[in-house]
Amino acid sequence: MARVFTINLPATSFVPEAGTNAAKFVNHTASNIPRTVLAFSDSSNDYTAISQAFEWPDEYADGTVKAVIYWYGRNTSGTVVWEISVEAETPGAAGATIDMEDASGFGSVNQQSSTANGTEGEVTAQEVTLSNLDSPAVAKGNHVRIKLTRNADDTSVPDNFSGDAYVPLVVIYEVAT
C-alpha cells in the first residue's frame, strides 16, 4: 500500500503521563544492545503516554490517516485495548488549541482491540484508522501530539492480556488514494 507520508514515533519520542497510572520506560537488553520500550500495565487503570510535538507534514492530502501500534509482551494470548487520539495547533494562531501545560486539547478517542500473535516477545502490528482529524482540525504545518493509552478496564471490549504490553514504535501514515 502506497503512502503519502510516514511519521515514525519510537518509544523515546513519548513522555509518560504524570502520575501513578503512566506508562513506564523499560530497557530490554539483548547482546548488550538496549531496546527502549514503553510498558503499559494490565492494571485496572488506564496507562497513557503522550508524544512530543511534531510538525504535520506538508504532503498531507486530507486523506485517510492510520496509526500502527507495534507491541509485544511476555504472554502469548489475550487482547489489549488501545486508544489513540490527536491534538493539533496552528502555530501562532489566536486561540490555538494546544496548551503545553494541559492535555485537554485531545480529540475523541480511536479505540482498537489487538490480539497477541501467539509468540512470546514477537511484535504485533495493530492498525488503527484515525477517524477524528477534524476535531481538533489537523492541517499541514500544525503542531501535533499523539496520546496513546492502554485501556485495561474497558467494559465493552475487555482487555484480558495478562502482563505488560510493550510498545517500541508507533507509525502514523496517510494512505495514498
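Structure first, text after, so check above.
Since the structure is predicted, the reported quantities are computational estimates derived from the model, not experimental observations.

Moving on, we get to the overall build of the protein chain. Per the secondary structure count, the protein chain includes zero helices and 12 strands. Each helix and strand of the protein chain, placed in order from N terminus to C terminus, yields the pattern β-β-β-β-β-β-β-β-β-β-β-β. Whereas a compact globule of 177 residues would reach a radius of gyration of roughly 16 Å, the protein chain reaches 16 Å, a difference of no more than 12%. The buried share of the protein chain, taken over its 177 residues, is 45%. Once local pairs closer than 6 in sequence are excluded, the contacts in the protein chain between residues at least 24 apart make up 81%. Carbon and sulfur atoms form 45% of the exposed surface of the protein chain, whose accessible area is close to 8600 Å².

Counting 35 residues, the largest nonpolar core has Phe40, Trp56, Trp82, Ile146, Leu148 and Ile172 as its most contacted members. Within the residue set of this core, elements represented by two or more residues are β1 (3-10), β4 (33-40), β5 (46-51), β7 (65-72), β8 (79-89), β11 (143-151) and β12 (165-175). Here this core gets five residues from one element, more than from any other, and that element is β8. In contact with Phe40, not counting residues within four places along its chain, are Ala23, Tyr47, Thr48, Ala49, Trp82, Leu148, Thr149, Arg150, Gly163, Asp164, Ala165 and Val167.

This part covers unusual backbone geometry. A positive phi angle, near 65°, is found at Asn32, a position not held by glycine. The residue Asn32 is located in the loop between β3 (24-30) and β4 in this model. Not every positive phi belongs to a glycine, and Asp62 is a case in point at roughly 60°. Position of Asp62 among the secondary structure elements: in the loop between β6 (54-55) and β7.

Attention now moves to the pattern of salt bridges. For the coordinates displayed, the defined rule picks out three salt bridges. The closest approach of N and O atoms between Lys66 and Glu127, which form a salt bridge, is 3.3 Å. Placement of Lys66 in strand β7 and of Glu127 in strand β10 (residues 124-129) is noted, with a sequence separation of 61 residues between them. The exposure class of Lys66 is buried, given its relative accessible area of 17%. Put simply, Arg150 and Asp159 hold a salt bridge, and the shortest N to O gap is 2.8 Å. With relative accessibility at 0%, the residue Arg150 sits in the buried group. Judged by relative accessible area, which is 12%, Asp159 ranks as buried.

Time to look at the side chain of Glu83. As for its position among the elements, Glu83 is in strand β8. Buried within the structure, Glu83 lacks any salt-bridge partner; its nearest side chain of opposite charge belongs to Lys147, at an N-O separation of 7.3 Å. A polar side-chain atom of Glu83 sits 2.8 Å from a polar atom in the side chain of Asn151.

Tracing the sequence through the fold places Asn142 in the loop between β10 and β11. Residue classification places Asn142 among the buried residues on the basis of a relative accessible area of 2%. Within polar-contact distance, the side chain of Asn142 engages the backbone nitrogen of Ala139 at 2.8 Å. In this view, Asn142 contacts Phe54, Glu55, Trp56, Ala88, Glu89, Thr90, Pro91 and Ala137; residues no more than four positions away in its chain are not counted.

Turning next to the packing of aromatic side chains. Considering all chains together, one arrives at eight aromatic pairs under this definition. Ring plane angle 90° and centroid distance 5.1 Å describe the contact between Trp71 and Phe161, whose orientation is recorded as edge-to-face. Remark: Phe161 occurs in the loop between β11 and β12 and Trp71 occurs in strand β7; sequence separation between them is 90 residues. Since its relative accessible area comes to 1%, Trp71 is described here as buried.

Definitions and limits used
- Residues numbered from 1 in each chain as written.
- Predicted model: local features only at pLDDT ≥ 70, side-chain atom pairs only at ≥ 80, totals over all residues.
- Heavy atoms only, no water.
- Helix = DSSP H or I, 4+ residues; strand = E, 2+ residues; numbered from the N terminus.
- Rg over C-alpha atoms; globule rule 2.2 N^0.38 Å.
- Buried < 20%, exposed > 50% of the residue type's maximum accessible area, 1.4 Å probe, protein only.
- Contact = heavy atoms within 4.5 Å.
- Areas by Shrake-Rupley, 256 points an atom, 1.4 Å probe, with all protein chains shown as cover.
- Core = buried A, V, L, I, M, F, W, Y, C linked by side-chain atoms within 4.5 Å.
- Salt bridge = Lys/Arg side-chain N within 4 Å of Asp/Glu carboxyl O.
- Lys, Arg positive; Asp, Glu negative; His and termini not counted.
- Polar contact = N/O pair within 3.5 Å; in protein donor to acceptor, adjacent residues only side chain to side chain.
- Phe/Tyr/Trp six-rings, centres within 6.5 Å; stacked < 30°, edge-to-face > 60°.

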